[in-house]
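So the chains spell out like this:
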Amino acid sequence: MRTLLIANWKMHYGPMKAGGWIRAFRRERLPKDLDIAVAVPHVSLAASRASLGRASIPALAAQDAFWAQDGAFTGEVSPSMLLEFGVQFCLVGHSERRIYLGETDEMVGKKAATLQAAGIVPVICVGENEAQLKKGEVSKVLKAQVAAAIASLKPDGKTPFVFAYEPVWSIGTGKPCPPQKAKEAHEIIRSAIQKKFGQSVAEHVRVIYGGSVDAHNISEYVTTTGVNGALVGGASLDPRAFALLCRTANPA
Ligand code: PEP
């Protein structure tokens, strides 16, 4: 399975700065054996696409999409609109959206299904918060989040889906989850997928890790069984640092 690394700019880099990041990143030496994507704010999709032209490294990703293709949903952006920019991946259910915007498991499931139906790979973010970790609820939380997220997904469609295990206590805190703990969480996620879709589907779903990943610790994750890549926030804001992280993930 190819390793997938996704840069998540979060709410950084509007259209004036997006092109500069893309050009600086593409000037770097980039490994060919990795899938690399960059999740940019919606308003920066056009500038990012203009800088990329037809190039597909990095692939373009969005940070969210609505669960309908058009209609009376003021302020929202649909998967079919994202397709106009050649978006290949889209995050859904990032914990910052769950926390600050009240996104529920059900909304995440609807968004993932609409993206997949449109041909965009949903990157579904799940993970426990600190209180849930302390109460020993990691497995319970992950199983519920995954079950809701895959409720309307198709296992055999042309468009796959990706899970990102992102323990909330680790995002932006400089406290990465130990790789062995991440491995256990990835196993819980994969077995929830297996329960619904069977083993061969579960084996082929990429489950990536996110939470304080940087160029110093990326190798520990990508060499851990069952960890198929990383979602990288803070350490992706500098294009050179993110390129170094990509090279470190795949030194070949
Ligand atoms: C994220 O934004 O999904 C993330 C993992 O952030 P950070 O790498 O900064 O912890």
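Relevant structure appears above.
Here's a quick rundown of the structure. Bear in mind the structure is a predicted one, so any value in this text is a computation, not a measurement.

Things to note about the pairing of strand E2 (residues 35-40)
Counting buried positions along E2 gives five out of six residues, so the element sits mostly inside the fold. Once you follow strand E1 (residues 4-8) into helix H1 (residues 15-27) and on to E2, the crossover reads as right-handed. Strand direction decides the pairing type here: E2 and strand E3 (residues 59-62), joined by four bridges, are parallel. For Val 40, the partnering residue across the bridge sits in E3 and is Ala 62.

Some thoughts on the packing of aromatic side chains
All told, the structure shown has 11 aromatic pairs when counted by the stated rule. Seen in terms of ring centroids, Phe 66 and Phe 73 are 4.5 Å apart; in terms of plane orientation they differ by 40°. Their pairing is tilted. The class of Phe 66 is buried, set by a relative accessible area of 9%. Plain terms: the ring middles of Phe 161 and Phe 163 are 6.1 Å apart, the flat faces sit at 85° to each other, and that makes the pair edge-to-face. Judged by relative accessible area, Phe 161 falls into the buried class, the value being 4%. A network of ring pairs unites the aromatic residues Trp 9, Tyr 13, Trp 21, Phe 25 and Phe 242 as a single cluster.

Observations regarding the pairing of strand E6 (residues 162-165)
Remember that side chains alternate between the two faces of the sheet whenever the strand is regular. Where burial is concerned, the two faces of E6 agree: the one with Val 162 and Ala 164 and the one with Phe 163 and Tyr 165 are both buried. With four bridges connecting them, strand E5 (residues 121-126) and E6 associate as parallel partners. Bridge pairing links Ile 124 to Phe 163 in E6. For E6 and strand E7 (residues 206-210), the ladder comprises four bridges, and the chain directions are parallel. Considered in E7, the bridge of Val 162 is made with Arg 206.

Description of the nonpolar core
Leu 5, Leu 82, Ile 124, Phe 163, Ile 189, Ile 193 and Phe 242 are the most contacted members of the largest nonpolar core, which totals 65 residues. No other element matches the seven residues that helix H8 (residues 179-197) contributes to this core. If we skip the residues at most four places from it in the chain, Ile 189 touches Val 126, Leu 142, Val 146, Phe 163, Tyr 165 and Val 207. The next biggest cluster of nonpolar side chains, apart from the first, holds 15 residues, and it includes Leu 4, Ile 6, Ile 208 and Leu 231.

Structural notes on the environment of Ile 188
The topology assignment puts Ile 188 in helix H8. Separated by 49 residues in sequence, Ile 188 and Ser 139 place their C-alpha atoms 6.6 Å apart. Discounting chain neighbours no more than four positions away, the residues touching Ile 188 are Ser 139, Leu 142 and Lys 143.

The rules behind the values
Residues numbered from 1 in each chain as written. Predicted model: local features only at pLDDT ≥ 70, side-chain atom pairs only at ≥ 80, totals over all residues. Heavy atoms only, no water. Buried < 20%, exposed > 50% of the residue type's maximum accessible area, 1.4 Å probe, protein only. Helix = DSSP H or I, 4+ residues; strand = E, 2+ residues; numbered from the N terminus. Right-handed = clockwise from strand over helix to strand, strands pointing away. Pairing = 2+ DSSP bridges. Phe/Tyr/Trp six-rings, centres within 6.5 Å; stacked < 30°, edge-to-face > 60°. Core = buried A, V, L, I, M, F, W, Y, C linked by side-chain atoms within 4.5 Å. Contact = heavy atoms within 4.5 Å.

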